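Structure at a glance
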Amino acid sequence: MWHDLVVVQIPIVEKVLRTIAVYVLILVLFRVAGKRGLAGLNTFDMVVVFLLSNVVQNAIIGNDNSLLGGAIGAVTLIAVNAGVTRWLARDPRAARLLEGAPTTVVRDGALVPGALRELALRPSELEHAIRVQNGDDVSDVARARLEPDGQLLVTLREAERSATKGDVDELRERLAAIERLLTTLAEERRPPR
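Residues numbered from 1 in each chain as written. Predicted model: local features only at pLDDT ≥ 70, side-chain atom pairs only at ≥ 80, totals over all residues. Heavy atoms only, no water.

We now examine the pattern of salt bridges. It is possible for side chains bearing opposite charge to pair when their charged atoms get close. Summed over the entire model, instances satisfying the criterion amount to 6 salt bridges. Salt-bridge contacts for Asp64 lead to Lys15; the nearest nitrogen and oxygen are separated by 3.5 Å. With Asp64 in the loop between helix H3 (43-61) and helix H4 (67-90) and Lys15 in helix H2 (residues 12-33), the pair connects residues that are 49 residues apart, well separated along the chain. For the residue pair Asp64 and Lys15, the accessibility class agrees, reading buried in each case. The closest approach of N and O atoms between Asp169 and Lys165, which form a salt bridge, is 3.2 Å. With Asp169 and Lys165 both in helix H8 (residues 165-189) and 4 residues apart, the pair spans about one turn of that helix. (Salt bridge = Lys/Arg side-chain N within 4 Å of Asp/Glu carboxyl O. Helix = DSSP H or I, 4+ residues; strand = E, 2+ residues; numbered from the N terminus. Buried < 20%, exposed > 50% of the residue type's maximum accessible area, 1.4 Å probe, protein only.)

Have a look at this one:
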């Protein structure tokens, strides 16, 4: 029993190479499938992720059920992912190649139909994401774009934006100036005593 826990049943180099190969394959598959999901997974996406992990399990671990073999696969996976993440942070061309570019999905209050088809997004999904970001309707949006990581960046039309603290402070200053002006005018119109 103890033997099965610590004795790796396939060569360590093979296990590392299997893990890297599966990582690259999954990366390519997700890149080809495209960005989607508005920074969240729907039910179908979750099913794919769960099944995918089961499908590739044997490709990573091979004919090895040892604890040490599993640990080697996990460490390799985390190390490769950390390396790729650091590489993408330093190399914008690699990031663009592996992650893709942002896609504009709303322009001047109207959906961009070609973009929605390309991303396999339903208008209702996009409208929900816009409401989450304080837009009432697509017509309130000046521009919205889906980032490669699935985040939707929404820029509301000027008239639809909420007032900021700076806007409120500016209005207070203007109201104070109007009050001073009215006070001055009222004093000037007062009949002399």
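Another aspect to go through is helix H5 (residues 92-99). Where H5 begins, one side-chain oxygen reaches toward the backbone nitrogen of Arg93, 3.1 Å away; that side chain belongs to Asp91. Positive phi shows up at Gly100, right after H5, with a value of about 95°. (Polar contact = N/O pair within 3.5 Å; in protein donor to acceptor, adjacent residues only side chain to side chain.)

Moving on: the nonpolar core. Judged by nonpolar contacts, the single largest core of 17 residues is most densely connected at Val105, Val106, Ile130 and Leu152. Of all the elements in the fold, those that place two or more residues in this core are strand S1 (103-107), helix H6 (113-119), helix H7 (123-132), strand S3 (141-146) and strand S4 (152-156). (Core = buried A, V, L, I, M, F, W, Y, C linked by side-chain atoms within 4.5 Å.)

Here we come to the environment of Ala176. With respect to the element layout, Ala176 can be found in helix H8. Distance from Ala176 to Glu147, taken between C-alpha atoms, is 43 Å for residues 29 residues apart in sequence.

Okay, the packing of H4 against H5 next. Remark: H4 packs on H5, axes separated minimally by 5 Å, with the N-to-C direction vectors making an angle of 120°. Between H4 and H5, the angle falls in the class oblique. Contact residues: H4 offers Trp87, Leu88 and Arg90, while H5 offers Pro92, Ala94, Ala95, Leu98 and Glu99. Partitioning the contact of H4 with H5 into residue classes produces 6 nonpolar, no polar and 2 charged. (Axes fitted to C-alpha atoms, helices over the stretch in contact; angles between N-to-C directions. Parallel < 35°, antiparallel > 145°, perpendicular 65-115°, else oblique. Contact = heavy atoms within 4.5 Å. Nonpolar A, V, L, I, M, F, W, Y, C, P; charged D, E, K, R; others polar.)

This next bit is on a nonpolar patch on the surface. Residues Leu175, Ile178, Leu181, Leu182 and Leu185 make up a contiguous nonpolar surface patch of roughly 480 Å² in combined accessible area. Residue classification places Leu182 among the exposed residues on the basis of a relative accessible area of 52%. (Patch = residues over 30% accessible without salt bridge, like charges linked within 9 Å, V, L, I, M, F, W, Y side chains within 5 Å. Areas by Shrake-Rupley, 256 points an atom, 1.4 Å probe, with all protein chains shown as cover.)

The next point concerns the sheet that holds S4. Strand-to-strand pairing in sheets goes through backbone hydrogen bonds, with the strands running parallel or antiparallel. The 4 strands lie next to each other as S2-S1-S3-S4, forming an open sheet whose pairing is antiparallel. Only two strands of the sheet have a single partner each, and these edge strands are strand S2 (110-111) and S4. Packed on one face of the sheet, H7 meets S1, S2, S3 and S4 and runs near 65° to S4. (Pairing = 2+ DSSP bridges.)

Another point: unusual backbone geometry. A positive phi angle, close to 50°, is found at Asp108, a residue other than glycine. In this fold, Asp108 is placed in the loop between S1 and S2. A positive phi angle, near 60°, is found at Ala120, a position not held by glycine. Relative to the helices and strands, Ala120 is located in the loop between H6 and H7.

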